[in-house]
2 protein chains.
Amino acid sequence: MSLYSKILVAVDLTEEAPQVLRKAVTLSQQNNAELLLTHVVEPVGYAYGGDIPMDLSELQDQLDKAAREQLAAYGKEYGIAEDNQIVAVGRPESEIHHLSEERGVDLIVVGSHGRRGIQLLLGSTANGVLHGAKCDVLAVRIR
Amino acid sequence: MSLYSKILVAVDLTEEAPQVLRKAVTLSQQNNAELLLTHVVEPVGYAYGGDIPMDLSELQDQLDKAAREQLAAYGKEYGIAEDNQIVAVGRPESEIHHLSEERGVDLIVVGSHGRRGIQLLLGSTANGVLHGAKCDVLAVRIR
């Protein structure tokens, strides 16, 4: 029996990403589900309140490019179609919610450090994704 | 490929519980995993700060008994062994964490209403379970 038909996995670009990605790949295989891969780049201009100096705009371009390259590499390794490799710019929770609704996703997979303390105060991405998600959310515990 | 070997599903006793339970059952089948079922009864004496009058103690017993009966009914319906039907008393998050560590669980499944607003302020059980969990957590969106 299949639980999910379209799974979105959201990764950061750290060495921990494959832990999350591998589980999403297995889940998509178990459920014969389409797999979408995303990374959300946070806008570098946020701290400057609007006008972005040229060097920041270039930095943003570089971050976007690095994200696209990393997703392409993961896509190749895990067999994820180019159309399903999505780099977004914005607040991670909002972009992940928006994308999952737009594409009709029924499961979002994100990494979670499960830490308490400062992260509990600031709110982790997993926590942010959980609130307001219109579909199931799997938080993969990073080891 | 199997992702999980021991899955704990935590349910409330509302009519929404089967939505969560059915997904946990399918996941346990897909992964050939053992399935544990729990309901955490919140202590009725919390509001009274210690000494529990006799009628409250009786109320607690009734809540425990109702929980045991409901879990037994679910256990029968979904083929969950009696040893894996666990009624705990305490704070849901703490009891779920404790139980999952004690029993070596690698996936916790809980329901989530995904609401914002007041529930974001108070913290939902799904949110509480996510923070501090030492394993993966699947939040099943209640419809």
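Residues numbered from 1 in each chain as written. Chains lettered and ligands numbered in written order. Predicted model: local features only at pLDDT ≥ 70, side-chain atom pairs only at ≥ 80, totals over all residues. Heavy atoms only, no water.

Visitor: What am I meant to see in the interface of chain A and chain B here?
Guide: Where interface size is given, it is often the accessible area lost as the parts come together that is meant. In this assembly, 33 residues from chain A lie in contact with 33 residues from chain B. Here chain A meets chain B over a buried area of about 2,600 Å², counting both sides, of which 52% is carbon and sulfur. When the buried surface of chain A facing chain B is broken down by residue, Leu3(A), Leu130(A) and His131(A) rank first, second and third, together holding 23% of it. Scanning the region where chain A abuts chain B turns up two salt bridges. On the surface where chain A and chain B come into contact, there are 14 residue pairs in polar contact (both at pLDDT 80 or more). Of all the elements in the fold, those that place two or more residues in the side of chain A that touches chain B are helix H1 (17-31), strand E4 (107-112), helix H4 (118-122), helix H5 (125-130) and strand E5 (136-141) of chain A. Ranked by the residues each element gives to the side of chain A that touches chain B, the list is headed by E5(A), at six residues. Sheet analysis places E5(A) next to strand E5 (residues 136-141) of chain B, joined by three bridges and oriented antiparallel. (Contact = heavy atoms within 4.5 Å. Buried area = accessible area lost by both parts, 1.4 Å probe. Salt bridge = Lys/Arg side-chain N within 4 Å of Asp/Glu carboxyl O. Polar contact = N/O pair within 3.5 Å; in protein donor to acceptor, adjacent residues only side chain to side chain. Helix = DSSP H or I, 4+ residues; strand = E, 2+ residues; numbered from the N terminus. Pairing = 2+ DSSP bridges.)

Visitor: Help me out: how do you make sense of the sheet that holds strand E3 (residues 85-89) of chain B in this one?
Guide: One key point about sheets: their strands pair by backbone hydrogen bonds, in either a parallel or an antiparallel sense. As summarised here, the arrangement of the 10 strands in space is E3(A)-E2(A)-E1(A)-E4(A)-E5(A)-E5(B)-E4(B)-E1(B)-E2(B)-E3(B), forming an open sheet in which the pairing is mixed. Edge positions in the open sheet fall to strand E3 (85-89) of chain A together with E3 of chain B, since each of these has one partner strand only. Direction aside, the axes of adjacent strands within the sheet are offset by 25 degrees on average. (Axes fitted to C-alpha atoms, helices over the stretch in contact; angles between N-to-C directions.)

Visitor: I keep staring at the relation of the copies chain A and chain B and nothing clicks. Help me out?
Guide: Relating one copy of the chain to the other requires a rotation about an axis plus a shift along that axis. When chain A is brought onto chain B, the operation consists of a screw motion whose angular component is 180 degrees and whose axial shift is 0.0 Å, with 0.0 Å RMSD remaining. What the superposition gives is, in effect, a two-fold axis relating one chain to the other. Among all residues of chain A, the one whose C-alpha sits closest to the rotation axis is Leu138(A), at a distance of 2.1 Å. (Least-squares fit on C-alpha atoms with pLDDT ≥ 70 in both.)

Visitor: Would you explain the nonpolar core in this entry?
Guide: Across soluble globular proteins, you tend to see nonpolar side chains buried next to one another. Counting residues in hydrophobic clusters, the biggest one holds 52 residues, and the most contacted among them are Val9(A), Val109(A), Leu138(A), Val9(B), Val109(B) and Leu138(B). For Val9(A), the residues in contact, after removing those within four places along its chain, are Val20(A), Leu21(A), Ala24(A), Leu35(A), Leu36(A), Leu37(A), Thr38(A) and Val109(A). One finds Leu36(A), Ile108(A), Val105(B) and Cys135(B) within the second-largest nonpolar core, a separate group that totals 36 residues. (Core = buried A, V, L, I, M, F, W, Y, C linked by side-chain atoms within 4.5 Å. Buried < 20%, exposed > 50% of the residue type's maximum accessible area, 1.4 Å probe, protein only.)

Visitor: Is there a simple way to explain H1(A) in this structure?
Guide: An α-helix turns once per 3.6 residues; consequently, residues spaced three or four apart project the same way. All names here are of chain A. The terminal C-alpha atoms of H1, which comprises 15 residues, lie 21 Å apart, in line with the 21 Å expected from a rise of 1.5 Å per residue. Across the 15 residues of H1, 11 count as buried, placing the element largely inside the fold. Once H1 finishes, Asn 32 follows within two positions and takes phi at roughly 55 degrees, a positive value. (Expected span 1.5 Å × (residues − 1).)

Visitor: Help me understand the packing of aromatic side chains, please; the structure alone is not making it clear to me.
Guide: For any pair of aromatic rings, the description rests on two quantities: the centre-to-centre distance and the angle between the ring planes. All names here are of chain A. In the structure shown here, the tally under the stated rule is two aromatic pairs over all chains. Consider the rings of Tyr 74 and Tyr 78, whose centres lie 6.5 Å apart with planes at 50 degrees: the pair is tilted. Taken together, the residues Tyr 74 and Tyr 78, both in helix H2 (residues 54-78) and four residues apart, mark about one turn of the helix. Note on Tyr 78: relative accessible area 18%, which makes it buried. (Phe/Tyr/Trp six-rings, centres within 6.5 Å; stacked < 30°, edge-to-face > 60°.)

Visitor: How should the pattern of salt bridges be read in this particular structure?
Guide: Between side chains of opposite charge, pairing is possible as soon as their charged atoms come close. Residue and element names in this part refer to chain A. Scanning the model with the defined rule gives 10 salt bridges over all chains in all. The salt bridge partner of Lys 65 is Glu 69, with a shortest N-O separation of 3.1 Å. Placement of both Lys 65 and Glu 69 in helix H2 is noted, with a separation of four residues, approximately one turn of the helix. On the basis of relative accessible area, Lys 65 is assigned to the exposed category, the value being 52%.

Visitor: In this structure, what is going on with the environment of Lys76(A)? I would like to understand it.
Guide: Within the element layout of this structure, Lys76(A) appears in helix H2. When its relative accessible area of 74% is taken as the criterion, Lys76(A) is described as exposed.

Visitor: Honestly, the pairing of E3(A) in this entry has me stumped. Any pointers?
Guide: Along any regular strand, the residues point their side chains to alternate faces of the sheet. Residues and elements named next belong to chain A. When you tally the buried positions in E3, you get four out of five residues, the bulk of the element. Where strand E2 (residues 34-41) lies against E3, five bridges are found, and the strand directions are parallel. Each residue of the ladder has a partner; that of Thr 38, found in E3, is Ile 86.

Visitor: Is there a simple way to explain helix H1 (residues 17-30) of chain B in this structure?
Guide: All names here are of chain B. When the terminal C-alpha atoms of H1 are compared, their 20 Å separation across 14 residues agrees well with the 20 Å that a helix rising 1.5 Å per residue should span. H1 sits mainly inside the fold: 10 of its 14 residues count as buried. Every buried residue of H1 is accounted for by Ala 17, Pro 18, Val 20, Leu 21, Lys 23, Ala 24, Val 25, Thr 26, Leu 27 and Ser 28.

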